[in-house]
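Tertiary structure, described
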Amino acid sequence: MATDKKFYVTTPIYYVNDKPHLGHVYTTMVADVVSRYHRLLGDQTFFLTGVDEHAAKVSDKAAEHDMTPQQWADQNAAAFKDTFTKLEMTNNDFVRTSSDQHKQKVTEYVTALMKSGDVYEGEYVGWYDAGQEEYVPETKAKEYDYKSPVNGKPLVKKTEKNYFFKLSAYRDELVEFFAHRDGQAKPFVMPQARKNEILNRIKEAQDVPISRTGSNGWGIPVPGDDEQTIYVWIDALFNYLTYMDTDDRREFWQAGPVHFMAKDILWFHAAIWPALLMALAKCDGYDWVFSESVGKNIMVYSHSYWVSATGEKMSKSLGNFLDPAAIDNYVGEFGLDALRYFLATRGPLGTTDSAFSPDLFADVYNSDLANTFGNSASRVTNMINKYFDGICPEAAVKVETTHDYSHAAEEILAKYIKAGNQLDLSATADAALSLVRMVDSYIEETSPFKLAKDEEKLPEVATILYNCIEALRIVSIMLWPFIPDQCEVFWERIGRNEYAQALADGTGQLKAWSQWGQMEHGSEVQKGNPLFPRYQVK
Ligand code: ME8
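Residues numbered from 1 in each chain as written. Predicted model: local features only at pLDDT ≥ 70, side-chain atom pairs only at ≥ 80, totals over all residues. Heavy atoms only, no water.

A count of helical and extended segments in the protein gives 22 helices and 15 strands. Taking 2.2 N^0.38 as the reference for a compact globule, 538 residues should give roughly 24 Å; the C-alpha atoms of the protein span a radius of gyration of 26 Å, in line with that estimate. For the protein, the C-alpha atoms occupy an extent of roughly 90 × 50 × 40 Å along the three principal directions. For the protein, the proportion of its 538 residues judged to be buried stands at 57%. (Helix = DSSP H or I, 4+ residues; strand = E, 2+ residues; numbered from the N terminus. Rg over C-alpha atoms; globule rule 2.2 N^0.38 Å. Buried < 20%, exposed > 50% of the residue type's maximum accessible area, 1.4 Å probe, protein only.)

See below:
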């Protein structure tokens, strides 16, 4: 049964100046694992990802290729969509900022903000980072020696007639909002280590330009001023709302969005975005956009970077990224589950960058998947086939052991849920693996393969193998968000296709399914190829 709880998770919408790379796949994969985790809990989950089209770097790239911006955007949007489909991302929709729904809603929101006075006309002089499509404040520009901190190119001094968003008017409200959320179970900014930097910047925040000229019509026009288009960042941030501003989706918005992104764009999400929502909520008919429940649950999670082996950020402009072809190679060699598992558990979710190394990938694959769940599943299903003809045995007699399974499974489930709710994906996966390690040590301790040599000991072997297969059944449920494909293969082998069906229908039941003792004596347990064949380093 699905719970009444709603869950809404997003990724940044990615620029379509180029093809997707590992960084984009990473954030989308993390959001996908988190979505699957919530679907497993039974929460009604909405997962949104997509692309950001109206950037100058998109129209520049299009011109280089003799295409219109829309043609270029179409081509790369398709590449993002294909990549995500191939990687079995379970996003419920795919944002395109050139869609009518988005453009129309952004126009409505900006019109409302112009009417309320939070968007006004003025003149802007500042330092522009063309690669990032971002104005850099004077103090920061000086600190960076007037060069882009990302690609090293000179910052450009620009003067423009501009529309501004009155961010300065929201300083106090933002500071108060941060403080309020600090006192609650869920802070607004995660990891918390990044909060102070944002807060300090908020305290001195100036109004922000939200329009530009000279975009040759590539962008959403400022309402009532065809010479200006809405600055790509404002257009982009609104995607999280425009796609949910329909009768059947507003409820998901009310659950409070959980936004994933990398640290480079935290400022936009942690300061400008909530301020825009606060401002819009003051306009007629929009109070729902920053309702109490949104204010209580909205969250911005900014992870660190994947860096190359030499420590540079992987990025399109630096050209040092793992592209779709390289990602395909990993999937071909190790399987999609392995990529998903590696990204989710060894990625830069915390405050330090992660280097992507093929050796580490292979090590993690062997240690966490092949030698752990994969090996244990093979061992146990093989023994059940060898000693009990593939029929789930009965735990009828007591076996001396130091392992208290049913109790341990309960404790592990509690740990798993705690880590999952805190978005600590490596601790979540590790909780599940700790139950596999327990199965292994139980087998070492009780040696069913030795006992089986003595006919009289078969009832003990039966109990041992029942406990093992039951524990692995629970493990496979907990590991599903990380390695769904092989968990579903395992479910077929133990006669539990119903889990996959329920999850596809959005009616996961983690807690009910994880209660001890649901493998049925007499049901079929098939053996099969290793779920994760061990990788031999070449
Ligand atoms: O910033 N490591 O788009 P973008 C980890 N359109 N994650 C990485 C990464 C890396 N090396 N490189 C990129 C934009 N990412 C805007 C966003 S949202 C309203 C608008 C991921 O194509 C990470 O999620 O530059 C980062 O925030 C995002 O890609 C930036 O993608």
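At their nearest, the axes of helix α17 (residues 425–446) and helix α19 (residues 458–479) sit 9 Å apart, and the two run at 165 degrees to each other. The orientation of α17 relative to α19 falls into the category roughly antiparallel. Relative to α19, the crossing made by α17 is left-handed. Contact residues: A429, A432, L433, L435, V436, V439, Y442, I443 and T446 in α17; T463, I464, N467, C468, A471, L472, I474, V475, M478 and L479 in α19. Within the contact of α17 with α19, the residues separate by chemical class into 16 nonpolar, three polar and no charged. (Axes fitted to C-alpha atoms, helices over the stretch in contact; angles between N-to-C directions. Parallel < 35°, antiparallel > 145°, perpendicular 65-115°, else oblique. Left-handed = near helix turned anticlockwise from the far one by under 90°. Contact = heavy atoms within 4.5 Å. Nonpolar A, V, L, I, M, F, W, Y, C, P; charged D, E, K, R; others polar.)

Turning to helix α21 (residues 497–504), its buried residues are Y499, A502 and L503. Along the axis of α21, the buried positions cluster into a sector of 100 degrees, meaning they face one direction only. Looking at the buried residues of α21, the elements they touch are α1 (22–41), α19, α20 (484–493) and α22 (510–513). Following α21 by one or two positions, G506 adopts a phi angle in the positive range, close to 75 degrees. (Arc of directions from axis to C-beta.)

Ordered by their spatial adjacency, three strands build an open sheet running β9-β11-β10, and the pairing between neighbours is antiparallel. Looking at strand neighbours, the two that pair on one side only are β9 (211–213) and β10 (221–222), the edges of this open sheet. By the bridge criterion, three bridges tie β9 to strand β11 (residues 225–230) in an arrangement that is antiparallel. The residue of β11 that forms the bridge with T213 is Q228. (Pairing = 2+ DSSP bridges.)

Let us look at the packing of aromatic side chains. As enumerated under the stated definition, the model contains 41 aromatic pairs in all. Ring geometry for Y405 versus Y442: centroids 4.8 Å apart, planes at 90 degrees, classification edge-to-face. Of the two residues, Y405 sits in helix α16 (residues 405–421) while Y442 sits in helix α17, which places them 37 residues apart along the sequence. Both residues of the pair, Y405 and Y442, belong to the buried class. (Phe/Tyr/Trp six-rings, centres within 6.5 Å; stacked < 30°, edge-to-face > 60°.)

Throughout the structure, instances matching the rule amount to 23 salt bridges. For D353, the salt bridge is made with K263, and the minimal N-O distance between the two is 2.9 Å. Of this pair, D353 sits in the loop between α14 (336–346) and β15 (354–355) while K263 sits in the loop between β12 (257–262) and α11 (266–281), placing them 90 residues apart in sequence. A relative accessible area of 37% means that D353 is categorised as partly exposed. Taking relative accessible area as the criterion, K263 reaches 28% and is therefore assigned partly exposed. Among the charged side chains, a network of salt bridges with common partners joins K105, E108, D245, D247 and R250. (Salt bridge = Lys/Arg side-chain N within 4 Å of Asp/Glu carboxyl O.)

What follows is about the sheet that holds strand β5 (residues 134–136). With antiparallel pairing, four strands are arranged side by side in an open sheet as β5-β4-β6-β8. Edge positions in the sheet fall to β5 and β8 (208–209), since each of these pairs with one other strand and no more. Sheet topology note: the strand β4 (residues 119–129)/strand β6 (residues 156–165) ladder contains ten bridges and is antiparallel. Bridging from a neighbouring strand, V125 pairs with T159 of β6.

The residue after M190, namely P191, is reached through a cis peptide bond having omega -15 degrees. With respect to the helices and strands, P191 occurs in the loop between β7 (189–190) and α7 (195–203). A positive phi angle is found at D66, which is not glycine, with a value near 55 degrees. Within the secondary structure, D66 is located in the loop between α2 (56–64) and α3 (69–86). The backbone of N216 shows a phi angle near 50 degrees, a positive value even though the residue is not glycine. Of note, N216 is situated in the loop between β9 and β10. For N216, a relative accessible area of 79% corresponds to the exposed category.

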